[in-house]
Amino acid sequence: MEYFSEILLLGIDTVVFTICLKQYIHYKNAIKVIKNVELYDVGADIENLLDKSSNNKVDYVAVRGIVKPLKESLQSINKKDVTGVIQKLSVKEHIVARTSAGYWSDQERTLQQIYNTVPFVLQNRWYRVEIIDPLSADILDLDIISDNFQSSVPTVIDHIWGFFTEHSTGVRQRGIQSTEKMLREDSIITAIGELSKSKTESNYFILQPPLNGPPFYITSMSITSLMRKLDDHKKIYRIFCLMSGALGIVLATIMARRYWKNKQQQRLAEQLRQSLETSRQERRQRVRDRDLREDQICVVCKTNAREIILLPCGHVCICEDCSVSINNNCPVCRTQIIQKAAAYIV
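Note that the structure is predicted; figures quoted are calculated from it, not measured.

What to know about helix 2 (residues 44-52)
Part 1 of the reasoning: Restricting attention to buried positions, one finds in helix 2 the residues I46, L49 and L50. For helix 2, the buried positions fall inside an angular range of 95° around the axis, keeping them on one side.
Part 2 of the reasoning: Looking at the buried positions of helix 2, the neighbouring elements they touch are strand 1 (39-41), strand 2 (57-69), strand 7 (127-131), strand 11 (188-197) and strand 12 (204-208).

Points about the packing of aromatic side chains
Aromatic ring pairs are reported here in terms of the distance separating the ring centres and the angle at which the planes meet.
Part 1 of the reasoning: Taken as a whole and judged by the stated rule, the model has 3 aromatic pairs.
Part 2 of the reasoning: Where Y27 meets Y237, the ring centres are 5.9 Å apart and the plane angle is 20°; that geometry is what we call stacked. Residue Y27 is found in helix 1 (residues 4-35), and its partner Y237 is found in helix 4 (residues 223-287); the two are separated by 210 residues along the sequence.
Part 3 of the reasoning: Where W126 meets Y127, the ring centres are 5.8 Å apart and the plane angle is 35°; that geometry is what we call tilted.
Part 4 of the reasoning: Take W126: its relative accessible area is 54%, and that puts it in the exposed class.
Part 5 of the reasoning: Grouping aromatic residues by their ring pairs yields a cluster made of Y27, Y237 and F240.

Considering unusual backbone geometry
Part 1 of the reasoning: Cis rather than trans, the peptide bond between L311 and P312 has omega equal to 20°.
Part 2 of the reasoning: Note on placement: P312 falls in the loop between strand 14 (308-311) and strand 15 (315-318).
Part 3 of the reasoning: Located in the positive-phi region is N56, a residue other than glycine, with phi close to 55°.
Part 4 of the reasoning: Looking at the element boundaries, N56 is found in the loop between helix 2 and strand 2.
Part 5 of the reasoning: One non-glycine residue with positive phi stands out, namely D186, at about 70°.
Part 6 of the reasoning: Within the secondary structure layout, D186 lies in the loop between strand 10 (171-184) and strand 11.
Part 7 of the reasoning: Overall, the relative accessible area of 42% leaves D186 in the partly exposed class.

With respect to the nonpolar core
Part 1 of the reasoning: One finds I46, V63, L122, V129, I131 and L195 to be the most contacted residues of the largest nonpolar core, which totals 31 residues.
Part 2 of the reasoning: Broken down by secondary-structure element, the contributors of at least two residues to this core are helix 2, strand 2, strand 4 (83-98), strand 6 (120-124), strand 7, strand 10, strand 11 and strand 12.
Part 3 of the reasoning: No other element matches the 4 residues that strand 2 contributes to this core.
Part 4 of the reasoning: For V63, the residues in contact, after removing those within four places along its chain, are L39, Y40, V42, I46, L122, V129, I189, T190, A191, L195 and L207.
Part 5 of the reasoning: If you look at the next biggest cluster of nonpolar residues, it comprises 13 residues, including Y60, A62, I139 and L226.

Concerning the UniProt feature "domain: RING-type" (unreviewed entry) in the chain
Part 1 of the reasoning: Under the present numbering, the feature "domain: RING-type" (unreviewed entry) in UniProt falls on residues 298-334.
Part 2 of the reasoning: Secondary structure across residues 298-334 divides into 11% helix and 22% strand, with the first and last C-alpha atoms of the span separated by 16 Å.

Points about the state of the cysteines
Part 1 of the reasoning: Counted by the stated rule, this structure contains 0 disulfides.
Part 2 of the reasoning: Considering cysteine sulfurs only, C301 is the nearest to C298, which forms no disulfide, with 3.8 Å between them.
Part 3 of the reasoning: Relative accessible area serves as the criterion here: at 0%, C298 is assigned to the buried category.
Part 4 of the reasoning: Here C322 stays unpaired: no disulfide links it, and the sulfur of C319, its closest cysteine neighbor, is 3.4 Å away.

Quick notes on the pairing of strand 2
Part 1 of the reasoning: Across 3 bridges, the pairing between strand 1 and strand 2 is parallel. Paired with D41 across the bridge in strand 2 is R64.
Part 2 of the reasoning: For the segment spanning strand 1, helix 2 and strand 2, crossover handedness is right-handed.
Part 3 of the reasoning: The sheet contact formed by strand 2 and strand 11 spans 8 bridges and is antiparallel. When the sheet's bridge partners are listed, G65 is paired in strand 11 with I189.

Analysis parameters
Residue positions are given per chain, counting from 1 as you read along its sequence in written order. At least 70 in pLDDT is required for a residue's local features to be given in this predicted model, at least 80 for side-chain atom pairs to be given and counted, and no such filter applies to totals for whole chains, interfaces and linings, which use all residues. Water and hydrogen atoms play no part in the side-chain values, which are based on all heavy atoms of the structure. Think of it in three bands: residues with accessible area under 20% of the maximum for their type are buried, residues over 50% are exposed, and the middle band is partly exposed, with areas taken using a 1.4 Å probe on protein chains only. In this text, helices come from DSSP runs of H or I with a minimum length of four residues, and strands from runs of E with a minimum of two, each type numbered from the N-terminal end. Here the arc refers to the set of directions running from the helix axis out to each C-beta atom. In what follows, residue pairs with any heavy atoms lying within 4.5 Å of each other are defined as contacts. Pairing of aromatic side chains requires ring centres within 6.5 Å, counting the rings of Phe and Tyr and the six-membered ring of Trp. Pairs whose planes differ by under 30 degrees are stacked, by over 60 edge-to-face, and all others tilted. Buried Ala, Val, Leu, Ile, Met, Phe, Trp, Tyr and Cys residues form a nonpolar core when they are joined through side-chain atoms within 4.5 Å. UniProt positions are given in the numbering used here, feature names are shortened, and annotations may be inferred rather than shown by experiment. Only a pair of cysteine sulfur atoms within 2.5 Å qualifies as a disulfide here. A strand pair is defined by DSSP finding two or more bridges across the two strands. With its strands directed away from the observer, a crossover is right-handed exactly when the path from the first strand over the helix to the second travels clockwise.

Have a look at this one:
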């Protein structure tokens with residue numbers, strides 16, 4: 001395919017541009033809704049807000065309170081005195097891998113990732129707000145409880161074995177990283193989502209992911225810090241959009257230029273072919289014998305000599321000028337024409 005490499009690169013660039021543009025729009029809209037969100041501490045103000053709203057529900061609001069478990073809290077594996085309501089355990093392998101260019105680069109891959117959760121609320125005195133489906137939050141801030149890296153210490157046998165395997169697989173292990181993160185009990189966080197009143201308990205509210213599209217956040221940051229973080233992400237994706245867009249324009253320009261040059265070359269070649277064909281026909285017309293027998297005259301125009309043989313029937317019955325317009329059936333026997341060739345009658 002003539003433009004295969006350009007089309008492939010343009011397709012990849014289009015996919016990257018689409019992903020970056022989608023993320024840019026996501027963060028732009030997120031900043032817009034966060035900018036207008038109202039922040040409430042868990043308490044009577046929330047109850048008054050819901051009493052004034054329709055259906056005892058607020059589509060998007062920020063609520064701040066103290067984390068309290070509804071069941072027995074989770075205990076840290078590495079620090080027994082630390083408890084929480086969300087626990088994230090991850091194990092990553094750090095490796096040095098050989099790239100296609102022949103260079104070695106540091107990489108990491110996740111071997112295992114586990115989340116443990118217990119139901120929890122944001123509480124202030126006797127007012128409580130239960131957080132529903134916290135793991136679906138777009139941003140979930142967790143504290144790092146432990147982060148241990150155990151480097152690989154190869155033995156002599158490992159060195160000998162690695163001398164052969166590293167060159168064949170292109171991978172060398174550096175070590176294993178084990179990380180534990182938790183949402184601590186009694187920590188103060190801000191949750192942003194859809195707020196509603198419980199139908200069974202008084203002074204009890206529910207905050208869940210919004211059903212109408214805005215993002216769901218559980219963060220220890222202030223609203224201003226959250227907006228700054230989202231704005232940084234937006235700027236990064238904006239730069240990626242500009243870069244991939246500029247690359248797409250360059251690739252499209254290269255393809256358009258190559259296409260235009262090829263078309264121009266084809267047009268010039270066609271003009272040259274037609275010019276040569278016209279010149280050949282003029283020369284042939286000048287040398288044609290005007291004193292022809294009846295069986296030598298074209299059966300169509302009745303003027304020129306028979307110059308073309310029609311295959312597969314084998315009839316030599318038309319001149320070169322008439323052969324241009326006769327492409328389907330032989331004028332003599334009506335056999336379908338598959339091929340035409342020049343013929344000379346002596």
